[in-house]
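A structural walkthrough
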Amino acid sequence: MVDAELSAPLHPLANPGYGKRSTGYERPRAAADFAHLPPREAAIAAYIDRLPEGSDISVKTLAKHLPYGQCALRTALNRIQRAGHLRRGRECLGGRWITRTWFTRTPRDHVWWAAFRRGDVPREPKRPTRSRAYVLLAALGRTNSAMSLSHAECHALSPLVDEWFARDAEEDDVVRALLSGLPTPVHHPAALARRRLTDKLPPEPIRSDQIRRRMLECAECGAPDYTDSLVDGHCAPCRGAPSAPTSGCLPRADVHARVAAIRQEMKGTPR
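Here we summarise the structure given alongside this text. (Residues numbered from 1 in each chain as written. Predicted model: local features only at pLDDT ≥ 70, side-chain atom pairs only at ≥ 80, totals over all residues. Heavy atoms only, no water.)

Let's talk about the environment of Asn15
- You can see Asn15 is positioned in the loop between α1 (2-5) and β1 (20-22).
- Asn15 sits in the exposed class, given a relative accessible area of 57%.
- In sequence terms Asn15 and Gly54 are 39 residues apart; their C-alpha atoms lie 8.0 Å from each other. (Helix = DSSP H or I, 4+ residues; strand = E, 2+ residues; numbered from the N terminus. Buried < 20%, exposed > 50% of the residue type's maximum accessible area, 1.4 Å probe, protein only.)

Structural data, given as structure tokens:
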């Protein structure tokens, strides 16, 4: 019902470089993704989650496509941010600071967001249930019955498939490696799959060493955060907590006095 109520075709994209940005490392979409949120916030979060990358998710634009006013949307987005699904800030690209709004289907705590700001996002732990690798292996027999694998064989081979995924391989790459050019007949499907997954393992990807420079902002006052002190998207003053003292900085009055003294000395220095 939520999807039907909030179905808004042709939601506009933001200007190039702006708009919704996904954080990556998401869990697969599920019906209960936003069940912990109030109904209105859950509906809005589900709508944003289904928008493509770069969509304009400003309050003004969302109000044109959702049955809520700007004031209600602003309140809802702040609650979604406190729940760990959204952060606003800026990112340095090519020497320019670009305004960003990051969205994640998976709720994150402030420790995760602090790591994200530093460009050090931890990967999701492997799920103890049926993994992406297990599902791929279990489905091989439907494509080619000669490569049907048992439950135990799928579990035993899953770590090898996980290594392919860790090297940025897609499901189609793994299936192609396992099913192309099969011998006739296939006497031991599991042994053949293990051999191919090992021998055809792609090389490790060459990743860029460039570190993203990001800066998150307080949801309440918009103040930039450089010290990873945001909790639920709010800075210490907005939470009513005392701000950490800044060490090594002179009071403003002393700085002005020192600058004035230096200028006076420069006036008296012969050229």
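That covers the picture; the talk isn't over yet.
Some points on the sheet that holds strand β3 (residues 96-103)
- Read from one edge of the open sheet, five strands run β1-β3-β2-β4-β5, paired in mixed fashion. Whereas interior strands pair on both sides, the edge strands pair on one side only; in this sheet they are β1 and β5 (224-225).
- Both strand β2 (residues 86-93) and β3 contribute to a ladder of eight bridges, which runs antiparallel. Bridging across to β3, Arg90 finds its partner in Thr99.
- Most of the contacts of helix α5 (residues 110-117) go to strand β4 (residues 213-217), to which it runs at about 140°, and overall it touches β2, β3, β4 and β5. (Pairing = 2+ DSSP bridges. Contact = heavy atoms within 4.5 Å. Axes fitted to C-alpha atoms, helices over the stretch in contact; angles between N-to-C directions.)

Some thoughts on the packing of helix α8 (residues 151-166) against helix α9 (residues 171-179)
- Taken N-terminus to C-terminus, the directions of α8 and α9 make an angle of 130°; their axes are 10 Å apart at the nearest point. Viewed along their axes, α8 and α9 adopt a mutual orientation that is oblique. Crossing geometry of α8 relative to α9 is assigned as right-handed. Here α8 contributes Val161, Trp164 and Phe165 to the contact with α9, which in turn contributes Glu171, Asp173, Val174 and Ala177.
- Classifying every residue of the contact of α8 with α9 by side-chain character gives five nonpolar, no polar and two charged. (Parallel < 35°, antiparallel > 145°, perpendicular 65-115°, else oblique. Left-handed = near helix turned anticlockwise from the far one by under 90°. Nonpolar A, V, L, I, M, F, W, Y, C, P; charged D, E, K, R; others polar.)

Some points on the pattern of salt bridges
- Scanning the model with the defined rule gives twelve salt bridges in all.
- Its salt-bridge partner being Arg132, residue Glu171 comes within 2.7 Å of it at the nearest N-O pair. Here the residue Glu171 occupies a position in helix α9, and Arg132 occupies one in helix α6 (residues 132-138), the gap between them amounting to 39 residues.
- Here Arg132 falls in the partly exposed class, since its relative accessible area comes to 40%.
- Close ionic contact of Asp173 with Arg176 constitutes a salt bridge, the shortest N to O distance being 3.2 Å. Here the residue Asp173 and the residue Arg176 both occupy positions in helix α9, the gap between them amounting to three residues, near one helical turn. (Salt bridge = Lys/Arg side-chain N within 4 Å of Asp/Glu carboxyl O.)

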